[in-house]
Amino acid sequence: MTDLPTFIAGLPKVELHVHHVGSASPRIVAELAARHEGRSPVPADPEALADYFAFRDFAHFIEVYLSVVDLIRDADDVWLLTHEVARELARQQVRYAELTVTPYSHVHRGIPAEAFCEAIEDARKRAEADFGIALRWCFDIPGEAGLPAAEQTLRIALDQRPDGLISFGLGGPEIGVPRPQFKPYFDQARAAGLRSVPHAGETTGPETIWDALRELGAERIGHGISAVLDPALLAHLAERRIPLEVCPTSNVRTRAVASLDEHPLPQLVAAGVPVSINSDDPPMFGTTLNDEYAVAARLLRLDPDGVAALARDAVAAAFLAPAEQARINAEIDAYRVSAAR
Ligand SMILES: O=c1[nH]cnc2c1ncn2[C@@H]1O[C@H](CO)[C@@H](O)[C@H]1O
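Residues numbered from 1 in each chain as written. Predicted model: local features only at pLDDT ≥ 70, side-chain atom pairs only at ≥ 80, totals over all residues. Heavy atoms only, no water.

The name an unreviewed UniProt entry gives the protein is Aminodeoxyfutalosine deaminase, with Micromonospora sediminicola as the organism. UniProt annotates the protein under Sequence similarities (unreviewed entry) with the comment "Belongs to the metallo-dependent hydrolases superfamily. Adenosine and AMP deaminases family." Within the UniProt record for the protein, the comment given under Cofactor (unreviewed entry) is "Zn(2+)". (UniProt positions renumbered as here; feature names shortened; annotations may be inferred.)

> When you look at the pattern of salt bridges in this model, what are you seeing that I'm missing?
Any two side chains of opposite charge can pair, on the condition that their charged atoms come close. Considering all chains together, one arrives at 20 salt bridges under this definition. One salt bridge connects Glu-84 with Arg-87, and the closest N-O pair in it is separated by 3.1 Å. Note that Glu-84 and Arg-87 are positioned in helix 5 (residues 75–91) at a spacing of three residues, about one turn of the helix. For the salt bridge of Glu-88 with Arg-91, the shortest nitrogen-to-oxygen distance reads 2.7 Å. Placement of the pair is Glu-88 and Arg-91 together in helix 5, with a separation of three residues, close to one helical turn. On the basis of relative accessibility, which here comes to 32%, the residue Glu-88 falls in the partly exposed class. With a relative accessible area of 52%, Arg-91 lands in the exposed category. Among the ionic contacts, a cluster of salt bridges with common partners joins Arg-95, Glu-324, Arg-327 and Glu-331. (Salt bridge = Lys/Arg side-chain N within 4 Å of Asp/Glu carboxyl O. Helix = DSSP H or I, 4+ residues; strand = E, 2+ residues; numbered from the N terminus. Buried < 20%, exposed > 50% of the residue type's maximum accessible area, 1.4 Å probe, protein only.)

> Sorry if this is basic, but what is going on with the packing of helix 15 (residues 304–317) against helix 16 (residues 322–340) here?
Two quantities define a packed helix pair, namely the angle between the helix axes and the distance between the axes. As a packed pair, helix 15 and helix 16 sit with axes 10 Å apart at the nearest point and diverge in direction by 170 degrees. Relative to helix 16, helix 15 is oriented roughly antiparallel. Contacts from Pro-304, Asp-305, Ala-308, Ala-311, Arg-312, Val-315 and Ala-316 of helix 15 reach helix 16 at Gln-325, Ile-328, Asn-329, Ile-332, Asp-333 and Arg-336. Looking at the contact of helix 15 with helix 16, its residues break down into seven nonpolar, two polar and four charged. (Axes fitted to C-alpha atoms, helices over the stretch in contact; angles between N-to-C directions. Parallel < 35°, antiparallel > 145°, perpendicular 65-115°, else oblique. Contact = heavy atoms within 4.5 Å. Nonpolar A, V, L, I, M, F, W, Y, C, P; charged D, E, K, R; others polar.)

> Would you explain helix 8 (residues 146–160) in this entry?
For helix 8, spanning 15 residues, the distance from its first C-alpha to its last is 21 Å, which sits close to the expected 21 Å at 1.5 Å a residue. Here helix 8 has its buried residues at Gly-146, Ala-149, Ala-150, Thr-153, Leu-154, Ile-156 and Ala-157. Taken end-on, helix 8 shows its buried residues confined to a sector of 160 degrees, consistent with a single buried face. For helix 8, the exposed residues lying more than 90 degrees away from the buried face are Pro-148 and Asp-159. Buried positions along helix 8 lie against helix 6 (103–107), helix 7 (113–131), strand 3 (134–142), strand 4 (165–171) and helix 9 (183–191). (Expected span 1.5 Å × (residues − 1). Arc of directions from axis to C-beta.)

Below, the structure is given as C-alpha cells:
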C-alpha cells in the first residue's frame, strides 16, 4: 500500500476553485517580471517572491494579487500563463479544472477583450492536446472594482462568449462589497446559461452566503466557510446539496482562519455539506492541490478510500456532463483498486 502523499499525487482529480493569475508559478512570475524589468514591485527571484507572498491580512493579499495582475501586459503573457497553469494542474493528475479568470482586470490594463479571450482559448485547446487536461472558464467580477467591473465582465462574457466559458463569479474582498448589488448582472449571466459561483463567507459571515444564494442564485459557493456559524444555513446547504469550494491553506494564509487546526472543514463535512477541496492561488499560498488534499486528509482523518471519495465529491460538484463525471469517477475507482495492490 503506497503512502498517502504518493497515493494523492497519482489520484485523478478535478479542481473547481483556482485562480488564473493566482496560479502563476514563481518561474512564470520571474519570466513575466523579467519581461517588464524594473517596472514592477514583484520580485523576479523565487526566494524573494516567497517573502513577497506573505500577507498581513486579506486586503494586503488583494494588493499583492493585483501587483501580479500588472505583470500580464499582453496576449502573449496571457497565453504563457494559461498554458503553464494547465501544465502544473495536469502534473497533479487534474483531468478537469474550472479556472477563474478576471477579464476586467486585464482589459482595464489595456489588453483588448477579444485578444484576451483568443489567448485563453488557444492555450486551453493546446493544453488539452499537450497535457490531456480539460479547462473551462469562470469569468469573475473583481468585487473591489464594483458595478463598472460587473457591467464590463458581463459584457465580455456575453459578447465574446469563448467556448470554454461555463460560469460567472464574484471575487475580491467581501468586506464593503455587499453581494445584492450584483443581482442584475448574475440574472443576465444565468439567463444566458452561465452557472453562478460567487465567493461568499470567506472573510465575512453567513449572511453573505445567504445573499449569494438568494440574490445571485449561487449553485456553488466559493469558500463559504463561515456557514459553520449558522446551523440553519448548514442544514440548507446539506439538504439542497449546494457545494462549498473549500481552500484550507488559502484561508490561513489570507488570515481568514487562524490555523489549519482551527479550520471549519471538519464541521462542514460533519453537517453533511458537500465540499470540494481546492488550492485557490497555490504559489501565492505556498501550496498545491495535492498539498490541499493532504491537509484535508489530516483534518478529516481520511484513509485512501476517504481521499478517493473527496475526489469523487469534487467531480459531483463540477459543471460536467454526467458521462464525463462517470468517466473520471471510473478512473478514480480504477486507480484506488490498483493502488491497493
Ligand atoms: O481567495 C480569494 N478570494 C477572493 N478573491 C480572490 C481570491 N484569490 C484570488 N482572487 C481574485 O482577486 C481578484 C481581485 O481583483 C478577484 O477578482 C479574484 O479573482
